[in-house]
Every structure is written in structure tokens, then in C-alpha cells.
2 protein chains.
Amino acid sequence: MRPADPSLLPHIVVLGAGFGGLTFAQRFPRRLARLTVVDRQNHHLFQPLLYQVATAGLAAPDIAQPIRSILRGRPDLHVRLAEVRAVDLAARTVTLDRGALAYDYLVLALGGRTSYFSHPEWERDAPGLKTLDDALRIRRRVLLAFERAETEPDPARREALMTIVVVGGGPTGVELAGTFAELARTVLRRDFDRIDPATARVILVEGGPRVLPSFPPELSASAGRQLRRLGVDVCTDAPVRAIREGEVELASGILRADTILWAAGVAAHPLTRTLGLATDRAGRLQVVPDLSLPGHPEVFAIGDLATLVDRNGMAVPGVAPAAMQMGAHVAHLVAAELRTGARETPRAAFAYRNRGIMATIGRSAAVAQMGRLRFSGWPAWAAWLGVHLVFLIGFRNKLSVFLQWVYSYLTYQRGARLITGMDDPPRSD
Amino acid sequence: MRPADPSLLPHIVVLGAGFGGLTFAQRFPRRLARLTVVDRQNHHLFQPLLYQVATAGLAAPDIAQPIRSILRGRPDLHVRLAEVRAVDLAARTVTLDRGALAYDYLVLALGGRTSYFSHPEWERDAPGLKTLDDALRIRRRVLLAFERAETEPDPARREALMTIVVVGGGPTGVELAGTFAELARTVLRRDFDRIDPATARVILVEGGPRVLPSFPPELSASAGRQLRRLGVDVCTDAPVRAIREGEVELASGILRADTILWAAGVAAHPLTRTLGLATDRAGRLQVVPDLSLPGHPEVFAIGDLATLVDRNGMAVPGVAPAAMQMGAHVAHLVAAELRTGARETPRAAFAYRNRGIMATIGRSAAVAQMGRLRFSGWPAWAAWLGVHLVFLIGFRNKLSVFLQWVYSYLTYQRGARLITGMDDPPRSD
């Protein structure tokens, strides 16, 4: 029943090659359809290790892999580097910055963006961490601040240069705060002579009552203790009132810091709000249980783009494993429909398998929950390292990251302490 | 006779932490003086491997090392991240973008810049390769051109997108041309489906009669053959008349190429022309045989900043080993003067020890001359790899580069094929 001419095969367009879109493409069987995978970057980014690029532990190429390489050797699949401009659900077309694509099935997997919610003006002074460029910019900003502190005669200015405020106590905020504290205390302190980087302040500001609010309370408490042991000032119940250049205003007063990092909000890609469908406050699309859009069984939204309570009554979290499971679910479902030529009604509902959550804080410091197991400190840290190495795509990347971790562990050094991009014209940083 | 208060020690200012300045600082004995090393970057860059970052073989952190790390653990030495604004030889002061320094001895080691000689307007359309930012920009430009070719319907535009012109047949030009040809033929061809990157053209344009003009003629001929075998069009006796956006004008006609790279000229840092002293056409300072400036025995110029016929009658070439030897010579000489408190007259003249020259072209393709030995192909390539690994600074970097080379050799892959910096506002690229 398979048509001889591949151009007669149905066309599936996948927007985004993050965890969700890539898993869909990898799991979708060959020769059942033509696939076009569109991404604005040429690489798939291993987001969970992005903070290690920002904190000078890893090089950018260690955590990224060209999408073309990952998906090569499939004549039924094309990769397009392009920006998505619009989706016309009625006409079943996607408009790109260069050209347009008609689809039979569409998989929306564009992921999230840093969100400042009702305060977009904070972005200039408190950059977020979503892309490699963000990470390289944060690395430059922090390393430059220490360089400037070294020659700054005014003690108050010097203190501000050596203060880092991280807004948001979720996993990214915890990872950034813990790693920067460690960087200052163990790595940089041996390299500067006029300033003592060990006196640098890293302040983690969280609006709610505890860090890692999506974790069990005892792990939040443990994470707080581990952060304090690394020298991080943890401020909970401290919603941010305003951010201005070099200062963060809290109810309790003003923090002065040259480096302010925003890890407090993620929203879905803005395209979601242009479709005329229901979204939540973060712009995520309300999907029906099979992950398709209401009234559009040929369009799916997966990963950080979708909001759903799954068939077991669990709100699916915005984490990489959820996105991957969603990609696999949709691949299976669409492949079955194309094979049989019939649509199952109702289609199988998505169920999230929670294999656990973990967050790392620093050297031998982490928290993890796997099923009923909850653990902290060294065992959680070792588990975190192992899981992230296993899921990192590409043998070269696994080997390189493994060796850099061994190197950093043994030498208390970080291999990527470069300030690049200085030639670039001044921007928000 | 050593003063008890270190602040009473003489002050040596070293401008630039390239091969020359860094070698001076490393070779200068401890506790004889206060040293201040100034560089505009926070890292020492291993320039000979820079083209491998531009051609996506290595990550930026692999070939760079923080200057503070290299020189740490010396209480008599300070590192300053700063831009040099001016040197006042009469007042013995250096003005930086932030602050000023008075010196007893000054070592000028600011190195070279890409030079377009009388055509600075060519820079916009034909970027050069001197810094990590240059390398990342070139990598982005070439990878983006292939991405655009993939969706370009017009055959002429597609051809221009898939053409790379490298201007200048010295070692950098040969390395860039050979490696880009290899990248297109072995790596990218497996990843694109609409275009065939193996049909990409790489054109090496050299104004003189042969590539690698500083090498013996038979090695130039061998390099030319090896380049052609990799698919590079080698155009000799082809001086560039003009460069405009997307085209290079030669006497024989116009080459259309979206990527034009300039490897045809290096000039000394522009500071040299502000000192009121004699310089050559490339702005290099005429130094006296001990490497000091005429009339200023307390100021030395080393590396690409200086021009000299050494005491054996050999014009010292602008290569890393020469800069390192000059740094060591000046360190020895200044240390002896500070130890004895007397100036030897005349001071020992610098003599360049030529240990050989080599250039790599691609996989198993290189040329090398060591003393009377001249060799090409695989043995020269193996020698090139070995020498560069040995001289690369830092164990982590050596290991990482070694592994990437093994990986690339075995898999015909390149690990750093990332397009980053897309967020940056449009620049010359």
C-alpha cells in the first residue's frame, strides 16, 4: 500500500528540535511519511547542562550537537534552519522566514523562552538562560565583573561587582547559584591577588517559602542547607518588586549587584498565543489527552509548549523527560494512523512516567527523588552525573564532558574560563 | 641587596600575553621585580590552532587558557585585563583604558592585527582570523552559508553560497582552504540532502607565484599539489584588485562567493606608530640587536611587534617560536641587569634559532622543514600534530585537543559545528 513516489507520502512538519521534537523524529518509523524538522538553531542543545557553560565548566560544543548530524542518513527526513513566523491551522501551512511548508501533520515543539511576565523591561538588566548565546553572555558578564573588581578602588563599587543575584529558586536558579559560589571560592580565589573572590556574595532570591518548590519539602530544606554550606545567601519569601541596572528591589531592601540573573520564569514560545486557542498564563497550549490541539487532530503540541493533566491525573511537568515521552507518544500514534489509514477514536491518552527529579547544587551536593527514594548530597550528585552523561547525545560529547568533570573534580579547576564576544557592540550586558 | 619592601622593587610592565609576553613573564625569575602583565583578553590564545576553531574542529576553550591561571602563584606578578591606550616613553608611563602604570622596564608584546594595508574597507566583506571572536564568526558564516544554500532555489546564488574564497597563500590561508575543502567533502556532504557540499568550491588566491612563499620552493609545490588533491582551486599570481560584498576581483575576472576570508596581511599593533620611532611597512618597530628600542634601553619590543635582522644575519620571522625566544632573551637580560645592578654594554644580541617551519593542509597532508630535512604528506602531518600538542598550554587542553583529533580522524566528523552568536546584531558578517 506504500506509494512508489516518496513525494506522495504524507508530510509531517516538526517545529523545534529540542527534546520533544527530536524524540518524535527519531522514534518515527522510516518511509511512512516525509518529515521536515525546522529549528532556528543548527544544533540540538542539551539544556540540563547549559548552566555549566554559563559557569565556565564546559565548552559550548560539549552540550550541543548539529541537528543534521543527529538525524542524518534518512532520505525521508529534511532539516531546515529557519525561524517560524506563523502557523495557519485552517490552511495547514507554516510560514518560515524563508519560504513556507504545507503539512498533513504538524508537531509543535518550539519549547519555552525566558519570561519576565508583566515586566519585560527587566530583561535588559537580568538576563535569562535558555540558549548557548545566553550562557556565553552570562559567563562573560561574571568573569568581567571580577576582572573589574580587581582594579576598582571604591569598596562599595567593588562589592557590587563581586555580588551575583540569582532570581528564582527552581533547579536552574539553584544550579547557577551553587556553581557560581563554588567558582568564586575554589577556582577564582587562586587567580586574583588584590580582591579575594572568596568574599564574593551569591544571593539566591526566591519569591515562595522554599527553594525547589516542585520537590518534596525535605529535599528543598536539604538543598537550602547545601547551598548555604557553599556560601550562598538564600532569601526565601522574597518576591522581587523591581529590577533596575545593578539593583534588585525586595520588600526587605535593595540588593546591589553588577550581575543579576533571571531564572524565575519560563513561558511557551510566543507562537502559541497566535493560534486562537486556549493557553495558560505561561502561554502553554491546552491539549486534549492525546496531545493534539482541540479541534485539530492533525496538530500536536509537546514539551514546554503544552499543558496537560495526564490520564493518571498528574500535571505533566516542564522537564526534558516529559518532552521526550510526549514526542515518543505522538510518533507512535501518528505512525499507527498512517500504517492503518484509520484514526483510532478516541486515541490513546498520554501518561507521564515520572522516573524522578533531581537538581545539582555543586561538588558532591545535589538532591534527587526517584520513586519513593529521596536522597541528598554525594549519592544524589553521583546519580545526577550518571543520568546526565547517559542522556547527553553523542559519544564525543559524553567523553568530553566526562573528562572535564573528572578534571574539574580532581583539580578544582574549570576549563572554559574565557571571556569572548568582547568585540560585539554593547548590548543588554 | 634585595629591598625588604616589595613595593620598592623595580616595576616591569609587560603589554600583551601572547607567546612573547607570556614567555617573558614565565622565564623572568621571581622576587627580582614587580611584574604587571596587561592584556585585552583574559586568555592566552594558542594562535596556531585558531583555524581549527574557525573550521569547527575544536572548541574555543580548547586553545585558550586564562592568563591568571597560567601565571598564578606569583605574589610578585599582577595580571590586568585592560586595553592599552598610549605609551609615554619620556615619562615612562603606560595609559590603560582604566588607569595608568609607571614602569622601570617595559616589554611591548602586543602582537599583530589583521591588516588590509591600503584597503581597510575590505575588512567588512573579507574578515580576518586573529582572535577567538574572529574564529567563531567565520565558523558561523560558513555554516550559515551552507544552510542557506540548502533552501536556495536560484542555482547561481546557490553556487555563490557554496563558494569560499581565501585570500592569501601563507600558512593560515593554506590551513583554512585545505580544512574547509575537507569539511565540505567529508563532513557536511553526509548531512545535507538537497545540496551536495562536495560540489562546494574553495578557492585559494595568492598574489605571488606560489603558496607558502616563506617555505622552500619544493615544499610550496608539494603544498599546492596536496591542496588540489583536497579539491582546492589554487590561483597563484593572482593579486586581488578589489573586494566587494560577495565578490573578489582579480585580473582574470570576478569570483563570486558568499564567504571571503582574508589571510593576506598582518601588521603590528597600531600603538607602534604612535611612539615616534622608525617602523617598517607593517608597523613593526626597528629594534637594536638586544631587542630594545633605539635610545630606550629600558623598553623592549618582541614578537610580531618587532623587526630585526639577528646577529647571524637572519631576518627574524613573525612566528610563535621567534616570539618565545625573544621573550626569553629579554627576561634573561633584564634579570641579569637587576641582579648585578649594572648594564652590560653592549648587551647580548638576540639570535634566532630556527627549529623549523611547518604548515598543515588537511588530513595526512602537510609540509615541514626542520634543518636540512624537508618532508611532506603524512610524516609532516604527524610531526605537525605532535609539535602542536607539545606546545599547547595546559594539560586539560592537550588532552581535549588530542581526543578531538583522534575522534575526527576515526570518524571523519568535526565536533564543534555550532552556529552561535545569531542573537548578536548584524555586523560585518
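All values reported here derive from a predicted model rather than from experimental measurement.

**Let's talk about the overall build of chain A**
From N to C terminus, chain A includes 10 helices and 25 strands. Taking 429 residues into account, the globule formula puts the C-alpha radius of gyration at 22 Å, and chain A, at 23 Å, falls close to it. A principal-axis box enclosing the C-alpha atoms of chain A has dimensions of 75 × 45 × 40 Å. Each of the 429 residues in chain A was classed as buried or not, and the buried ones make up 59%. When contacts within chain A are restricted to residue pairs at least 6 apart in sequence, those whose partners lie at least 24 apart make up 66%. Here chain A holds 52 positive side-chain charges and 41 negative ones, and the gap between their average locations is 6 Å.

**What to know about the packing of aromatic side chains**
All names here are of chain B. For the structure shown, the criterion picks out 14 aromatic pairs over all chains. Arranged with centres 6.4 Å apart and planes meeting at 45 degrees, the rings of Phe-146 and Phe-192 form a pair that is tilted. Here Phe-146 is found in helix 4 (residues 132-150), whereas its partner Phe-192 is found in the loop between helix 6 (171-187) and strand 12 (201-205), with 46 residues between them in sequence. The class of Phe-146 is buried, set by a relative accessible area of 2%. Looking at Arg-281, its charged tip hangs above the ring of Phe-117, at a distance of 4.8 Å from the centre.

**Notes on the relation of the copies chain B and chain A**
Overlaying chain B with chain A gives an RMSD of 0.0 Å, the required rotation being 180 degrees about an axis along which the chain moves by 0.0 Å. Overall, the copies show the geometry of a two-fold rotation axis. The overlap is high: 100% of the interface residues of chain B also sit at the interface in chain A, so the same surface is used on both sides.

**Description of the sheet that holds strand 24 (residues 365-370) of chain A**
All names here are of chain A. The sheet built from 3 strands is open, its strands ordered 23-24-25 with antiparallel pairing. One side of each edge strand has no neighbouring strand; the edge strands of this open sheet are strand 23 (357-362) and strand 25 (373-376). Within this sheet the neighbouring strands show an average axis-to-axis angle of 5 degrees, counted without direction. Of the strand pairs in this sheet, strand 23 and strand 24 are connected by 5 bridges, and their pairing is antiparallel. From the neighbouring strand, Gly-362 faces strand 24, where its bridge partner is Ala-365.

**Digging into the packing of helix 10 (residues 395-411) of chain A against helix 10 (residues 395-411) of chain B**
The geometry of helix 10 of chain A relative to helix 10 of chain B is characterised by a closest axis approach of 11 Å and an angle of 165 degrees between their N-to-C directions. Relative to helix 10 of chain B, helix 10 of chain A is oriented roughly antiparallel. Considering only the axes of helix 10 of chain A and helix 10 of chain B, their crossing is right-handed. From helix 10 of chain A, Arg-396, Leu-399, Leu-403, Gln-404 and Tyr-407 of chain A reach across to helix 10 of chain B, where they touch Arg-396, Leu-399, Leu-403, Gln-404 and Tyr-407 of chain B.

**Quick look at unusual backbone geometry**
Residue and element names in this part refer to chain B. Even without being glycine, Phe-117 reaches a positive phi, approximately 50 degrees. In this structure, Phe-117 sits in the loop between strand 10 (112-114) and helix 4. Even without a glycine there, the phi angle at Leu-291 is positive, about 85 degrees.

**A look at the interface of chain B and chain A**
Counting from both sides, the interface comprises 53 residues of chain B and, opposite them, 53 residues of chain A. Interface area, chain B with chain A, both sides summed: about 4900 Å², of which 48% is carbon and sulfur. Of all residues in chain B, the largest losses of buried area upon contact with chain A belong to Arg-68, Arg-72 and Arg-396 of chain B, amounting jointly to 14% of the total for that side. Applying the counting rule to chain B against chain A returns 8 salt bridges.

**Looking at the pattern of salt bridges**
Overall, the coordinates contain 38 salt bridges over all chains when judged by the stated rule. Glu-147 of chain A is paired through a salt bridge with Arg-68 of chain B; the nearest N and O atoms lie 2.7 Å apart. Residue Glu-147 of chain A is located in helix 4 (residues 132-150), and its partner Arg-68 of chain B is located in helix 3 (residues 67-70); the two belong to separate chains. You'll find Glu-147 of chain A and Arg-68 of chain B in the same group, each marked buried. Among the ionic pairs, Asp-233 of chain A bridges to Arg-201 of chain A, the shortest N-O distance being 3.0 Å. Separated by 32 residues along the polypeptide, Asp-233 of chain A in strand 13 (residues 232-235) and Arg-201 of chain A in strand 12 (residues 201-205) bring together distant segments of the chain. Taking the relative accessible area as the measure of exposure, Asp-233 of chain A reaches 31% and is therefore partly exposed. Of the residues examined, Arg-201 of chain A reaches a relative accessible area of 33% and is grouped as partly exposed.

**Regarding empty space enclosed by the protein**
This model, assessed by the stated rule, comprises 8 cavities of 30 Å³ or more. Taken together, Ala-59, Ala-60, Pro-61, Leu-136, Arg-139 and Thr-420 of chain A together with Ala-60, Pro-61, Leu-136, Arg-139 and Thr-420 of chain B make up the lining of the second largest cavity. Sorting the residues of the lining of the second largest cavity by element identifies helix 4 of chain A together with helix 4 of chain B as the ones contributing at least two each. For the lining of the second largest cavity, the residue count by class is 7 nonpolar, 2 polar and 2 charged.

**A look at a nonpolar patch on the surface**
All names here are of chain A. Where nonpolar side chains cluster on the molecular surface, the patch consists of Trp-378, Phe-402, Val-406, Tyr-409 and Leu-410 and spans about 520 Å² of accessible area. With 4 residues, the single largest contributor to the nonpolar patch is helix 10. Along the chain, the position of Tyr-409 falls in helix 10. Tyr-409 gets classed as partly exposed once you look at its relative accessible area, which sits at 36%.

**Remarks on the side chain of Arg-74 of chain B**
Residues and elements named next belong to chain B. Locating Arg-74 in the fold gives a position in the loop between helix 3 and strand 5 (77-81). There is a polar contact of 2.7 Å between the side chain of Arg-74 and the backbone oxygen of Ala-25. Look past the residues within four positions of Arg-74 in its chain and what remains in contact with it is Ala-25, Gln-26, Phe-28, Pro-29, Arg-30 and Leu-35.

What counts and how
- Along each chain, the written sequence defines residue order, and numbers are assigned to residues from 1.
- Just so you know, chain letters begin at A and ligand numbers begin at 1, following the order they were written in.
- Only residues with pLDDT of 70 or above have their local features reported here, since the model is predicted, and side-chain atom pairs are shown and tallied only from 80 upward, although totals for entire chains, interfaces and linings are computed over all residues.
- With hydrogens and water stripped out, all remaining heavy atoms of the structure feed into the side-chain values.
- Only DSSP runs of H or I with at least four residues qualify as helices, and only runs of E with at least two residues qualify as strands; both kinds are numbered from the N terminus onward.
- Radius of gyration: C-alpha atoms only; globule rule: 2.2 Å multiplied by the number of residues to the exponent 0.38.
- Three exposure classes are used, based on accessible area relative to the maximum for each residue type with a 1.4 Å probe and protein chains only: buried under 20%, partly exposed in between, and exposed over 50%.
- Whether two residues are in contact is decided by their heavy atoms: any pair within 4.5 Å suffices.
- Within this scheme the basic residues Lys and Arg register as positive and the acidic residues Asp and Glu register as negative, but His and the chain ends are omitted.
- Lysine's charge is taken at NZ, arginine's at CZ, aspartate's at CG and glutamate's at CD.
- Between the rings of Phe, Tyr and Trp (Trp by its six-membered ring), a pair exists once the centres lie within 6.5 Å; its type follows the angle of the planes, with under 30 degrees stacked, over 60 edge-to-face, and the other angles tilted.
- Note on geometry: a ring has a charge over it if NZ (lysine) or CZ (arginine) is within 6 Å of the ring centre and within 35 degrees of the ring normal.
- To line up the copies, we fit them by least squares on C-alpha atoms, keeping just the residues with pLDDT of at least 70 in both.
- Strands are labelled as partners when DSSP assigns at least two bridges between them.
- Lines are fitted to the C-alpha atoms to define the axes, a helix being fitted only along its stretch in contact, and any angle between axes, read from their N-to-C directions, falls within 0 to 180 degrees.
- Under this scheme an angle from 65 to 115 degrees is roughly perpendicular, one under 35 degrees roughly parallel, and one over 145 degrees roughly antiparallel; angles in between are oblique.
- Helix crossings fall into two classes, left-handed where the near helix is turned counterclockwise from the far one by less than a right angle and right-handed where it is turned clockwise.
- Simply put, the buried area is the total loss of 1.4 Å probe accessible area from both parts when two parts are fitted together.
- A carboxyl oxygen of Asp or Glu within 4 Å of a side-chain nitrogen of Lys or Arg is what we treat as a salt bridge.
- A cavity here means a set of 1 Å grid points, computed over protein atoms only, where a 1.4 Å probe fits but cannot escape. A pocket is an open set with protein on both sides within 12 Å along at least 5 of 7 lines, and lining residues have an atom within 4 Å of a point.
- Grid points are joined across faces, edges and corners, and a volume is the space filled by probe spheres set on the points.
- Three categories are distinguished: nonpolar for Ala, Val, Leu, Ile, Met, Phe, Trp, Tyr, Cys and Pro, charged for Asp, Glu, Lys and Arg, and polar for the others, with Gly belonging to the last.
- Each patch groups residues whose relative accessible area exceeds 30% and which form no salt bridge, using 9 Å between like charges and 5 Å between nonpolar side chains of Val, Leu, Ile, Met, Phe, Trp and Tyr.
- Areas reported as accessible are Shrake-Rupley estimates using a 1.4 Å probe. Residue values count occlusion only from the protein chains shown.
- We call two N or O atoms a polar contact when they sit within 3.5 Å, provided that within protein one can donate a hydrogen and the other can accept it, with sequence-adjacent residues counted only if both atoms are side-chain atoms.

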